[in-house]
Amino acid sequence: MRIIAGELKGRKLDRIDTGSIRPTSDRVREALFSILGDMVIDSSFLDLFSGSGGVGIEAYSRGAKEVVFVDVDSESVKVLKNNLKKTDIIGETEVIYNDYALAIDKLSSQGRKFDIIFIDPPYKAGIALEAVKKIQARDLLKKDGIIVIEHEYKESMPEKEGIFSMFKGKKYGNVGLSLYVAKKENGE
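Just so we're clear, the structure is a prediction, and the values are computed from it rather than from any experiment. (Residues numbered from 1 in each chain as written. Predicted model: local features only at pLDDT ≥ 70, side-chain atom pairs only at ≥ 80, totals over all residues. Heavy atoms only, no water.)

## A short note on the overall build of the chain
Stated precisely, the cut-off is as follows: Counting from the N terminus, the helices are DSSP H or I runs at least four residues long and the strands are E runs at least two residues long. Note on method: radius of gyration uses C-alpha positions; expected globular size equals 2.2 Å times residues raised to 0.38.
Scanning the chain from terminus to terminus reveals five helices and eight strands. Reading the secondary structure of the chain in the N-to-C direction produces α-β-α-β-α-β-α-β-α-β-β-β-β. In terms of overall dimensions, the chain is globule-like: its C-alpha atoms have a radius of gyration of 15 Å, near the 16 Å expected for 188 residues. Considering only C-alpha atoms, the chain reaches an extent of 45 × 40 × 30 Å along its principal axes.

In structure tokens:
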């Protein structure tokens, strides 16, 4: 696993690959950041279920001004912190070692909001849409912000979830990416 582009391009990262924890592949990360493009620059980026941190570190490398990583697995957080040290950005990012729902509550109580929220829970756990509901309830996404869900390609994501509408769905091998934005007041 390596950083694909930006300030940290080419840096190698440690990875975790177990039954329930699998890193987002270089191919999928490259596709994701191609879709996001310049939206990443100067953004606040939340990497929920961050695992070893490849997506959030890629966001930082491509110009995100704030990156917050959330994971509840102790081994993931250990590898994540090591990757942040290896890339010399541990002091410039934030790691929350907690359950995603409690982390969302904490961030919301601090008045924090994000431009891009990446959700990559264990596949088949049914957690992704629960996280989206929690993000809506706690008003964690900035106006014009984007939620990205990585999921198993066979798993069908709804066109709408609460105030969010899917504007793009892509498949890469056995991985799907579904991107959502908040519906406008006038329904556009």
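## Let's talk about the side chain of Glu-58
The cut-off we apply is this: Using a 1.4 Å probe on the protein chains alone, a residue whose accessible area is under 20% of its type maximum counts as buried, one over 50% counts as exposed, and one in between counts as partly exposed.
In this structure, Glu-58 sits in helix α2 (residues 54-61). Glu-58 gets classed as buried once you look at its relative accessible area, which sits at 0%.

## Here's the deal with the pattern of salt bridges
Just so we agree on the cut-off: A pair is scored as a salt bridge if a Lys or Arg side-chain nitrogen falls within 4 Å of a carboxyl oxygen belonging to Asp or Glu.
Applying the stated criterion across every chain yields a total of ten salt bridges. Arg-138 is the partner of Asp-105 in a salt bridge, and the nearest nitrogen-oxygen pair spans 3.5 Å. Residue Asp-105 is found in helix α4 (residues 100-109), and its partner Arg-138 is found in the loop between α5 (127-137) and β5 (141-152); the two are separated by 33 residues along the sequence. Because the salt bridges share partners, they merge into one network encompassing Arg-29, Glu-58 and Arg-62.

## Some words on the pairing of β5
The condition that has to hold: Strands pair, by our definition, only if DSSP identifies at least two bridges between them. Seen with its strands pointing away from the viewer, a crossover is right-handed if its path from the first strand over the helix to the second goes clockwise.
With nine of twelve residues buried, β5 lies mostly within the body of the structure. Looking at chain direction, strand β4 (residues 114-119) and β5 are connected through five bridges and run parallel. The partner of Phe-114 across the bridge, within β5, is Leu-141. The parallel pair β4 and β5, bridged by α5, forms a crossover whose chirality is right-handed.

## Brief notes about the sheet that holds β4
This is how it is decided: In this description, contact between two residues means that some pair of their heavy atoms is separated by no more than 4.5 Å. Only C-alpha atoms enter the line fits that serve as axes; for helices the fit covers just the stretch in contact. Angles between N-to-C directions range over 0 to 180 degrees.
Taking strand neighbours across the sheet as the criterion, the eight strands line up as β3-β2-β1-β4-β5-β8-β7-β6 in an open arrangement whose pairing is mixed. Only two strands of the sheet have a single neighbouring strand rather than two, namely β3 (94-97) and β6 (160-161). As defined by bridge partners, strand β1 (residues 44-48) adjoins strand β2 (residues 66-71) across five bridges and the pair is classed as parallel. Paired with Ser-44 across the strands is Glu-66, a residue of β2. In the packing of helix α3 (residues 74-86) onto the sheet, contacts are made with β2 and β3, and the angle to β3 comes to roughly 170 degrees.

## Some remarks on the pairing of strand β7 (residues 164-172)
Of the strand pairs in this sheet, β6 and β7 are connected by two bridges, and their pairing is antiparallel. Paired with Glu-161 across the two strands is Phe-164, which belongs to β7. Linking β6 to β7, which pair antiparallel, is a turn of two residues; within it Gly-162 sits at a positive phi near 65 degrees. Linkage of β7 to strand β8 (residues 175-182), two consecutive antiparallel strands, is achieved through a turn of two residues, within which Gly-173 is found at a positive phi near 65 degrees.

## Some points on the nonpolar core
Put simply, the rule is: We call a set of buried Ala, Val, Leu, Ile, Met, Phe, Trp, Tyr and Cys residues a nonpolar core when their side-chain atoms join them within 4.5 Å.
In this structure, Leu-32, Phe-33, Leu-36, Phe-45, Ile-57, Val-148 and Leu-177 are the most contacted members of the largest nonpolar core, which totals 29 residues. The set of elements that each furnish at least two residues to this core consists of α1 (26-36), α2, β2, α3, β4, β5 and β8. The leading source of residues in this core is α1, at five residues. Setting aside anything within four residues of it in sequence, one finds Ile-57 in contact with Ile-3, Leu-8, Leu-13, Ser-52, Phe-69, Asn-83, Leu-84, Thr-87 and Ile-89. With 26 residues, the next largest nonpolar core counts Leu-107, Leu-140, Leu-141 and Met-157 among its residues.

## Structural notes on the packing of aromatic side chains
Aromatic ring pairs are defined here through the distance separating the ring centres and the angle between the ring planes. Defined as follows: Geometry of aromatic contacts follows a simple scheme: Phe, Tyr and Trp rings, the Trp one being its six-membered ring, pair when their centres are within 6.5 Å, and the pair is stacked under 30 degrees between planes, edge-to-face over 60, tilted otherwise.
Going through the model one piece at a time under the given rule, you end up with two aromatic pairs. Centre to centre, the rings of Phe-33 and Phe-45 are 6.3 Å apart; their planes meet at 20 degrees, and the pair counts as stacked. One end of the pair, Phe-33, is in helix α1; the other, Phe-45, is in strand β1, with twelve residues separating them in the sequence. Residue classification places Phe-33 among the buried positions, given a relative accessible area of 2%. The exposure class assigned to Phe-45 is buried, which follows from its relative accessible area of 1%.

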